[in-house]
Amino acid sequence: MNDTPVIGVLALQGDVREHLVALATADAVARPVRRPEELAEVDGLVIPGGESTTISKLAALFGLLEPLRARVRDGMPVYGTCAGMIMLADKILDPRSGQETLGGIDMIVRRNAFGRQNESFEATVDIKGVAGDPVEGVFIRAPWVESVGADVDVLAEHEGHIVAVRQGDALATSFHPELTGDHRVHALFVDMVRAKQAPRSL
């Protein structure tokens, strides 16, 4: 059991249950994280969609903002979907008043870039590192990445816009793979967490 990674899902808002199911299907032990002591017990973390301003304010309220920043800075594997992508951006275009991010990926993200709630859509996305057919992406008030730094690997684009990126142990997608029943993106993240664990067990 030692090599089974324990992966948290930030359980302040968003599709928490769906991420927990997807991670469990991808052979991880999945736990909701709401408090700093719960964060301290996980090997990696998923930041789900929702409303990025609300998530940042709730994280501050629950005393999680600085512990999250510290873990991300220290290299904890982290995966953000939709609002989670915004939380991992070093910079947001037109942030709302008081909106804060965790940082971790050298990118500039545009909020609600693909339109409002009623302009949500699904599209197939070819993701570098995910074998087989394209992934079905669910885009709900989705951001896109305006630009990335030299260390960021662009994993996928949709209609010329960057929608999936990775920098080191941080992964982010504009879309929601947890809503489709296809758990290959979560499996990719579980593999990232497992690879990070490997040196400790030598």
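For clarity, every value in this text was computed on a predicted model and none was experimentally measured. (Residues numbered from 1 in each chain as written. Predicted model: local features only at pLDDT ≥ 70, side-chain atom pairs only at ≥ 80, totals over all residues. Heavy atoms only, no water.)

Peer 1: Would you mind showing me how to read the pattern of salt bridges here?
Peer 2: Once the charged atoms of two side chains with opposite charge are near each other, the side chains can pair. Applying the stated rule across the entire model yields 13 salt bridges. Of the charged contacts, one joins R111 and E51 as a salt bridge, the two residues approaching to 3.7 Å between their closest N and O atoms. In this pair, R111 is assigned in the loop between β6 (105–110) and β7 (121–125) and E51 in the loop between β3 (44–47) and α3 (52–61), connecting sequence segments 60 residues apart. Judged on exposure class, the residue R111 and its partner E51 are both buried. (Salt bridge = Lys/Arg side-chain N within 4 Å of Asp/Glu carboxyl O. Helix = DSSP H or I, 4+ residues; strand = E, 2+ residues; numbered from the N terminus. Buried < 20%, exposed > 50% of the residue type's maximum accessible area, 1.4 Å probe, protein only.)

Peer 1: Is there a simple way to explain the UniProt feature "active site" (unreviewed entry) in the protein chain in this structure?
Peer 2: The residues that UniProt annotates with the feature "active site" (unreviewed entry) are C82, H176 and E178. A maximum C-alpha distance of 11.2 Å places the annotated residues, which cover 97 residues in sequence, within one compact spot. In the annotation above, C82 are the residues that line the largest cavity. In this fold, C82 is placed in the loop between β4 (78–81) and α5 (83–88). Overall, the relative accessible area of 4% leaves C82 in the buried class. (UniProt positions renumbered as here; feature names shortened; annotations may be inferred. 1 Å grid on protein atoms, 1.4 Å probe; cavity = no way out; pocket = protein on both sides within 12 Å on 5 of 7 lines; lining within 4 Å.)

Peer 1: Quick question: what am I supposed to make of the UniProt feature "binding site: L-glutamine" (unreviewed entry) in the protein chain here?
Peer 2: The positions that UniProt labels "binding site: L-glutamine" (unreviewed entry) are, in the present scheme, G50, E51, S52, R111, I140 and R141. Of the residues just listed, which span 92 residues, no C-alpha pair is farther apart than 12.8 Å, and they cluster in one region. Looking only at the residues we just named, the largest cavity is lined by G50, E51, S52, R111, I140 and R141. Residue E51 is classed as buried on the basis of its relative accessible area of 13%. Examined against the element boundaries, I140 turns out to sit in the loop between β8 (135–139) and β9 (144–148).

Peer 1: How should I be thinking about the pairing of β6 in this particular structure?
Peer 2: Every regular strand shows the same layout, with side chains that alternate between the two sheet faces. Residues of β6 alternate between two faces, with I105, M107 and V109 buried on one and D106, I108 and R110 left unburied on the opposite face. Pairing of strand β5 (residues 89–93) with β6 involves four bridges; the strand directions are parallel. Across the sheet, residue I92 finds its bridge partner in β6, namely V109. Inspection of the sheet shows β6 paired to β9 by four bridges, in the antiparallel sense. Note on β9: the bridge partner recorded for R110 is W144. (Pairing = 2+ DSSP bridges.)

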